[in-house]
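Structure assessment
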Amino acid sequence: MNKGLVRPMRMEDLEAIMEIEHASFSTPWSLQAFAAELKDNEYAQYRCLELDGRVIGYMGLWFILDEGHITNIAISPDYRGQRRGEFLMRSVMNEMVNLGMDRMTLEVRVSNYPAQDLYRRMGFSTAGVRKGYYADTGEDALIMWAELGRSDER
């Protein structure tokens, strides 16, 4: 199966990104937030997963010193359950290792078991809890970290 092509996110991708964002999150980021990340945040690295010319997923992170903080990752509902999120994440992680990143972190809702399973498959482990992290529900977030090795070690 063709998993797609991972490439840098562009401003012209934002319409498709917003569709995926709204389908994926109860408190989606705004168009302006994504635009600001692409234009103004020197630490931001955003990638799209494209299949047959259509954006079907994305992942963003902040690259600070040798660490990455994953800000968001989502796959279009039509393409979930096909390991495309794993493909996207593995591609971005390998790219970031090649750019000098040693570790990655993220927060995930304590109730989001599918995402936690993906992150564990990708080498993340739970390092703590952020109480009341999600403003929409007051739900806690797990803090997860992964130590990154060279791509041939994964």
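Residues numbered from 1 in each chain as written. Predicted model: local features only at pLDDT ≥ 70, side-chain atom pairs only at ≥ 80, totals over all residues. Heavy atoms only, no water.

For the rest of this paragraph, the subject is the pattern of salt bridges. Enumeration over the complete set of coordinates arrives at 13 salt bridges. Across the salt bridge formed by Glu86 and Arg121, the nearest N and O atoms sit 2.9 Å from each other. With Glu86 in helix H3 (residues 84-98) and Arg121 in helix H4 (residues 113-121), this residue pair connects regions lying 35 residues apart in the sequence. For Glu86, a relative accessible area of 13% translates into the label buried. For Arg109, the salt bridge goes to Asp136, with nearest N and O atoms at 3.0 Å. (Salt bridge = Lys/Arg side-chain N within 4 Å of Asp/Glu carboxyl O. Helix = DSSP H or I, 4+ residues; strand = E, 2+ residues; numbered from the N terminus. Buried < 20%, exposed > 50% of the residue type's maximum accessible area, 1.4 Å probe, protein only.)

Turning to the layout of surface pockets, a few remarks are in order. Vacant regions in the atomic arrangement are exposed by a probe of water-molecule size rolled over the atoms. Quantified by volume, the largest pocket comes out at close to 1100 Å³. Taken together, the elements giving at least two residues each to the lining of the largest pocket come down to helix H1 (14-24), strand E4 (67-75), H3, strand E5 (103-109) and H4. Per element, the largest residue contribution to the lining of the largest pocket is seven residues, and it comes from E4. Partitioned by chemical class, the residues of the lining of the largest pocket number 17 nonpolar, ten polar and nine charged. (1 Å grid on protein atoms, 1.4 Å probe; cavity = no way out; pocket = protein on both sides within 12 Å on 5 of 7 lines; lining within 4 Å. Points joined across faces, edges and corners; volume = space filled by probe spheres on them. Nonpolar A, V, L, I, M, F, W, Y, C, P; charged D, E, K, R; others polar.)

Before going further, it helps to examine H1. Buried within H1 we find Leu14, Ile17, Met18, Ile20 and Glu21. Summarising the axial view, the buried residues of H1 lie within an arc of 165°, below the 170-degree limit, and thus occupy one face. Within H1, the exposed residues directed more than 90 degrees away from the buried face are Glu15, Glu19 and His22. At its buried positions, H1 is contacted by helix H2 (31-40), strand E2 (44-51), strand E3 (54-64) and E4. (Arc of directions from axis to C-beta. Contact = heavy atoms within 4.5 Å.)

This part is about the nonpolar core. Within the largest apolar cluster, 29 residues are counted, with the highest numbers of intra-cluster contacts made by Met59, Leu61, Met89, Met104, Tyr119 and Phe124. Among the elements of the structure, E2, E3, E4, H3, E5, H4 and strand E7 (141-147) are those that each provide at least two residues to this core. In terms of residues, this core owes the most to one element, H3, which gives six residues. Aside from chain neighbours lying at most four places away, what touches Leu61 is Tyr43, Ala44, Gln45, His69, Ile70, Thr71, Val92, Met96, Met101 and Met104. Ranked by size, the runner-up nonpolar core spans 13 residues in total, among them Ile20, Ala44, Tyr46 and Tyr58. (Core = buried A, V, L, I, M, F, W, Y, C linked by side-chain atoms within 4.5 Å.)

A word on the confidence of the model for the protein chain. Here the protein chain averages 92 in pLDDT, while 97% of its residues score no lower than 70. Below a pLDDT of 50 lies the segment residues 150-154, which in the model reaches ten contacts outside its immediate sequence neighbourhood of four places, other chains included. (pLDDT = per-residue confidence, 0-100.)

Bringing the pairing of E2 into the picture now. The two faces of a sheet get side chains in turn, since along a regular strand they alternate between them. For E2, a buried count of seven out of eight residues is recorded, marking the element as mostly surrounded by other parts of the structure. One ladder, built from four bridges, connects strand E1 (residues 5-8) with E2; its direction is antiparallel. Within the sheet, the bridge partner assigned to Val6 lies in E2 and is Leu49. The sheet contact formed by E2 and E3 spans eight bridges and is antiparallel. Each bridged residue has a counterpart across the sheet, and for Ala44 the counterpart in E3 is Trp62. (Pairing = 2+ DSSP bridges.)

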